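# Structural overview for review
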Amino acid sequence: MKASFVKSSKQTQDCPKPTLPEYAFIGRSNVGKSSLINMLVAQKGLAKTSQTPGKTQLINHFLIDETWYLVDLPGYGYAKVSKSARAKWDKMIRAYLLDRANLNGVFVLIDIRHKPQAIDLDFMYWLGINQVPFVMVFTKLDKISKSQIKPSLQHYEQTMLEKWEEMPKYFLTSAEKHTGKEALITFIDTLNKHYHA
Ligand code: GTP
Ligand code: MG
């Protein structure tokens, strides 16, 4: 897989021309968006990662195999962010998600270690009411024991079913252990095949 950084954009208008199908990774700060992108394309430093939340601040485009874009978005929910910075994030990201013509899928990343958080549930709900198609990606599977995975997922599903008719499609991943790579790539390949500009 060939992957290269294209550009960082402050707003949708500055993004690359919307000529190729595009997939955006989004979720709380520190959930592992940038790490997962690097794992998928097998290039360690392509998307910048950090132990400090808030590393990714702009809309970052990566061109994959000259045929599609992966997008690394800034995370939400970082406690130390000011109200005005949060409002700016909201405006930038929500406008991007609603206006980006070639956006062919959104991946909402969720740390498998945590109980369902209002901020993630609210964000997915917002995607739903705005008819932005998304799938869920549970991250950091290597950080919990195997026996905890099923109960965690069941609990998440139960919570989702309070608002949703069915559990959205989801993937189980670990950037550390390269878990879920095949499944995600196969899924994106399928979406690419069905993409019509
Ligand atoms: P922001 O850009 O700040 O929103 O964060 P992000 O969601 O891009 O997270 P990032 O990929 O920078 O990862 C945050 C931290 O979690 C880093 O220290 C990563 O090494 C770690 N991390 C990410 N994915 C995994 C994983 O699957 N397993 C483990 N053990 N650590 C991970
Ligand atoms: Mg990041």
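This one's a predicted model, so the numbers in the text were calculated from it and none came from an experiment. (Residues numbered from 1 in each chain as written. Chains lettered and ligands numbered in written order. Predicted model: local features only at pLDDT ≥ 70, side-chain atom pairs only at ≥ 80, totals over all residues. Heavy atoms only, no water.)

Interaxial distance between helix H3 (residues 118–129) and helix H4 (residues 146–160) falls to 12 Å at its minimum, and their mutual angle equals 50°. Accordingly, the angle class assigned to the pair H3 and H4 is oblique. Handedness of the H3/H4 crossing: right-handed. Across the interface between the two elements, Asp120, Leu121 and Met124 from H3 touch Tyr156, Thr159 and Met160 from H4. Of the residues belonging to the contact of H3 with H4, the class tally is four nonpolar, one polar and one charged. (Axes fitted to C-alpha atoms, helices over the stretch in contact; angles between N-to-C directions. Helix = DSSP H or I, 4+ residues; strand = E, 2+ residues; numbered from the N terminus. Parallel < 35°, antiparallel > 145°, perpendicular 65-115°, else oblique. Left-handed = near helix turned anticlockwise from the far one by under 90°. Contact = heavy atoms within 4.5 Å. Nonpolar A, V, L, I, M, F, W, Y, C, P; charged D, E, K, R; others polar.)

So, about H4. Along its 15 residues, H4 runs 22 Å from first to last C-alpha, staying within 8% of the 21 Å computed at 1.5 Å per residue. Those residues of H4 lying buried are Ile149, Leu153, Tyr156, Thr159 and Met160. Buried residues along H4 cover an arc of 125° about the axis, so they all sit on one side. Exposed residues on H4 whose side chains face more than 90 degrees from its buried face are Ser147, Lys150 and Gln158. Looking at the buried residues of H4, the elements they touch are strand S5 (103–111), H3, strand S6 (134–139) and strand S7 (170–172). (Expected span 1.5 Å × (residues − 1). Buried < 20%, exposed > 50% of the residue type's maximum accessible area, 1.4 Å probe, protein only. Arc of directions from axis to C-beta.)

Right, let's talk about the nonpolar core for a bit. Within soluble globular proteins, side chains that are nonpolar generally end up buried alongside one another. In this structure, Ile26, Leu97 and Val108 are the most contacted members of the largest nonpolar core, which totals 32 residues. Looking at this core, the elements that each hand over two or more residues are strand S2 (22–27), helix H2 (83–99), S5, H3, S6 and H4. Ranked by residues supplied to this core, first place goes to H2 with five residues. Here Leu97 is in contact with Ile26, Leu103, Val106, Phe123, Trp126, Leu127 and Val132, once residues within four sequence places are set aside. Membership of the second largest hydrophobic core comes to 24 residues, among which are Tyr23, Val41, Ala47 and Ile64. (Core = buried A, V, L, I, M, F, W, Y, C linked by side-chain atoms within 4.5 Å.)

Read these as spatial facts, not as claims about activity.
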